[in-house]
Amino acid sequence: MDVLDPPQAALSDERLLAFAERQARPLLLGIPADGDDRVPVPVEATGPDVPLPPGLHRMLDSAPYPRGRVDSDVPVRTRVLGTIAAAAPQRFEVRSAVNPHRAYPAAHCFYSAQLFLLTAGGAWHYDASGHLLRPVAGDAELDRELDGPASLAVVCHLGSVPTRYRELRWSLSLCEAGHLLELLAQVGSAHRLAVRTRRDLPDAALLDRLGLRARDGWTPAGAVELDAPGEGGARPPAAGPDTGMSWAQVLFERSAGRANKGFSPAPVPLAATAAEALLAAIGRAADGVPSAAESGVDVVLASRDVEGLDPGCHLIEDGRARRRIAGPDMDALQRSFAYPATQMSIAGCPAALLMITDHAAAVREGGERGLRLLQLRLGAIAQAAGMALTPHGGFLRPARSFDPDPLAAALRLEPTRLPAYVAPLGVNRFTDLLLDVRR
Ligand SMILES: Cc1cc2nc3c(=O)[nH]c(=O)nc-3n(C[C@H](O)[C@H](O)[C@H](O)COP(=O)(O)O)c2cc1C
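Here the structure is a predicted model, which is why all the values come from computation and not from measurement.

A. Focus on the pairing of strand E12 (residues 351-358). Extensive coverage of E12 is indicated by the burial of eight of its eight residues. What you see with E12 is no split at all: Ala-351, Leu-353, Met-355 and Thr-357 on one side and Ala-352, Leu-354, Ile-356 and Asp-358 on the other are buried throughout. Examined bridge by bridge, strand E9 (residues 297-303) and E12 share seven bridges and lie antiparallel to one another. When the sheet's bridge partners are listed, Ser-303 is paired in E12 with Ala-351. Here eight bridges tie E12 to strand E14 (residues 417-427), and the two strands are oriented antiparallel to one another. Paired with Met-355 across the bridge in E14 is Tyr-421.

The following block contains the structure:
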């Protein structure tokens, strides 16, 4: 079976749709379990590396999650660097098969979404493992440039995911980018910066600014524009009651569910406070996102054991469980999962998110961009949901490797619609030794 080319603007609507429908069914792609042909991230330095100052994450130690913010007397330039540091490795899980972990998830910790800092006079690639900025355009001095507005661009490098993932490389990478963009927007706000997320930047001009070549497998995802807040200050990053955790702790502990040799959640319900925080976070992240029928996303919460919510599937609208709908139970989700219950036991999770998309509507509305935007939106909603669960000891496990067709049947979806992203959630059972790898 040939691998279809990742979507490009020049492809016909039929080709775009064929790609979208194929990547949505990973179990049909025949992805082998082993093989690693990842290539180094192809960026060309135009000057010497700039190491980031140590301890940037500590600014968030004293900002309570979710409403607290970094002191306004911290220089704006330091807060911009603090926002970049939110993308840095956070923890090493001693008994996990994959490491290190960050404040946002990536399939197998591949981390293919690359972060760039853009200012009026220069551009830098953030090398997360070295925790440094590498200039990729011009010879501007970083310190001076940070006095003005800055933009954090996220560009997917498909070569950071092994080719055995075939068409799924594109969606794994863009979903991850959606997670990262939402994280940066939230942390930028926690740093008391004015934040604007853009997903409409011109691809060729952006790649050009960053000295990147499309033929090296780069796909622009979006950017978070950061500026000093104007009159009235920055909007609070999030609403909701105090959680007793700092922003720094939430970034450190956000998790897809820890596991060693086999995954299973703790046999406890999802507390009402956790469910409230979850729904409110989804409401904020999905604000302005159209329904699946209008090229966006429908969010469904499948509840098995959630305090204050009946078991069954609930359509989420405006941060509320709006109405009951037909849908799969956790056993059906387990059956659709790529991994057997002996490896990933998700049937005992108190709940799961299911995000539904309509690829035909997305192609009709926005062509290749429409498909890309969908993946970014899925990632953004899941990131907000996963962060909101963290102070409640909760995890949210993003999943793309499942069979969407039986789930679509259980949800009685229109033929053009599919669940594109499933996220079992709950409370961790397995406690790992966590090593702090923040710098
Ligand atoms: C887009 C995306 C797709 C993923 N797909 C799966 C999946 O199909 N099955 C699974 O068990 N985990 C999946 N994961 C979870 C990652 O493997 C997990 O996030 C990673 O191991 C890092 O763990 P952490 O999020 O706790 O740091 C996915 C993550 C992302 C971001």
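B. View of the packing of helix H4 (residues 168-190) against helix H9 (residues 359-389). One can describe the packing of H4 onto H9 by two numbers: an axis separation of 7 Å at closest approach and a directional angle of 50°. Comparing their axes, H9 and H4 come out oblique. Helix-helix and strand crossings are classified by hand; for H4 and H9 the assignment is right-handed. Between H4 and H9, the contacting residues are Trp-170, Ser-171, Leu-174, Cys-175, Ala-177, Gly-178, His-179, Leu-181, Glu-182, Leu-183 and Gln-186 on the first element and Leu-371, Arg-372, Gln-375, Leu-376, Leu-378, Gly-379, Ala-380, Ala-382, Gln-383, Ala-384 and Met-387 on the second. Its residues placed into classes, the contact of H4 with H9 shows 13 nonpolar, seven polar and two charged.

C. Structural view of the nonpolar core. Core analysis: the biggest nonpolar cluster contains 93 residues, and Leu-117, Tyr-126, Val-154, Leu-183, Leu-301, Leu-353 and Leu-425 have the highest contact counts within it. The element contributing the most residues to this core is H9, with 13 residues. Two domains each donate at least three residues to this core, and these are domain 1 (35-227) and domain 2 (255-435). When sequence neighbours within four positions are dropped, the list of residues in contact with Val-154 reads Ala-113, Gln-114, Leu-115, Ala-177, Leu-180, Leu-181, Leu-184, Pro-220, Ala-221 and Gly-222. Of all hydrophobic cores here, the second largest spans 22 residues; its members include Phe-263, Leu-333, Met-344 and Leu-411.

D. Seen up close, the site of the ligand. Contacts to the ligand come from 20 residues, most closely from His-101, Ala-256, Arg-397, Pro-398 and Ser-401. At 3.4 Å from an oxygen atom of the ligand is found a side-chain nitrogen or oxygen belonging to Arg-91. A distance of 3.0 Å separates an oxygen atom of the ligand from a polar backbone atom of Arg-400. Relative to its free-state accessible area of 620 Å², the ligand is covered by the protein chains to the extent of 95%. In terms of residue class, the shell around the ligand is made up of 12 nonpolar, four polar and four charged. Here the shell around the ligand spans two domains, since at least three of its residues come from each of domain 1 (35-227) and domain 2 (255-435).

E. View of the domain arrangement of the chain. One can read the domain layout of the chain as domain 1 (35-227) and domain 2 (255-435). Taking only C-alpha atoms, the centre of domain 1 and the centre of domain 2 are 25 Å apart. For domain 1, the biggest contributors to the area lost against domain 2 are Arg-95, His-179 and Arg-199; these three give 23% of the whole. At the boundary of domain 1 with domain 2, the tally comes to four salt bridges. Where Arg-372 meets Asp-203, a salt bridge forms, and the shortest distance between an N and an O atom there is 2.7 Å. Inspection of the domain 1/domain 2 interface yields 14 residue pairs in polar contact (both at pLDDT 80 or more). The set of elements that each furnish at least two residues to the side of domain 1 that touches domain 2 consists of strand E2 (91-93), H4 and strand E8 (218-227). In terms of residue count, H4 provides more of the side of domain 1 that touches domain 2 than any other element does, 13 residues in total. Here the side of domain 1 that touches domain 2 is composed, by residue class, of 18 nonpolar, eight polar and seven charged.

F. Spatial organisation of the pattern of salt bridges. Taken as a whole and assessed by the stated rule, the structure comprises 25 salt bridges. In this structure, Arg-95 engages Asp-432 in a salt bridge whose closest nitrogen and oxygen atoms are separated by 3.6 Å. Of this pair, Arg-95 sits in the loop between E2 and strand E3 (113-118) while Asp-432 sits in the loop between E14 and strand E15 (434-436), and the two are 337 residues apart along the sequence. The partner of Asp-436 in a salt bridge is Arg-438, and the shortest N-O contact between them spans 2.8 Å. Exposure remark for Arg-438: the relative accessible area of 22% places this residue in the partly exposed category. Put simply, Arg-196, Arg-198, Asp-200 and Glu-225 are held in one network by salt bridges that share partners.

G. The arrangement of the sheet that holds E14 in detail. Read from one edge to the other, the open sheet built from six strands follows the order E11-E10-E9-E12-E14-E13, with strand pairing classed as antiparallel. Each edge of the open sheet is held by one strand with a lone partner, namely strand E11 (320-325) and strand E13 (394-396). For this sheet, the mean inter-axis angle between neighbouring strands, taken without regard to orientation, is 30°. Those strands touched by helix H7 (residues 272-285) are E9, strand E10 (312-317), E11, E12 and E14, and its axis lies near 175° from that of E9.

Rules and cut-offs
Residues numbered from 1 in each chain as written. Predicted model: local features only at pLDDT ≥ 70, side-chain atom pairs only at ≥ 80, totals over all residues. Heavy atoms only, no water. Buried < 20%, exposed > 50% of the residue type's maximum accessible area, 1.4 Å probe, protein only. Helix = DSSP H or I, 4+ residues; strand = E, 2+ residues; numbered from the N terminus. Pairing = 2+ DSSP bridges. Axes fitted to C-alpha atoms, helices over the stretch in contact; angles between N-to-C directions. Parallel < 35°, antiparallel > 145°, perpendicular 65-115°, else oblique. Left-handed = near helix turned anticlockwise from the far one by under 90°. Contact = heavy atoms within 4.5 Å. Nonpolar A, V, L, I, M, F, W, Y, C, P; charged D, E, K, R; others polar. Core = buried A, V, L, I, M, F, W, Y, C linked by side-chain atoms within 4.5 Å. Domains from an automatic or database assignment. Near = heavy atom within 4 Å. Polar contact = N/O pair within 3.5 Å; in protein donor to acceptor, adjacent residues only side chain to side chain. Areas by Shrake-Rupley, 256 points an atom, 1.4 Å probe, with all protein chains shown as cover. Buried area = accessible area lost by both parts, 1.4 Å probe. Salt bridge = Lys/Arg side-chain N within 4 Å of Asp/Glu carboxyl O.

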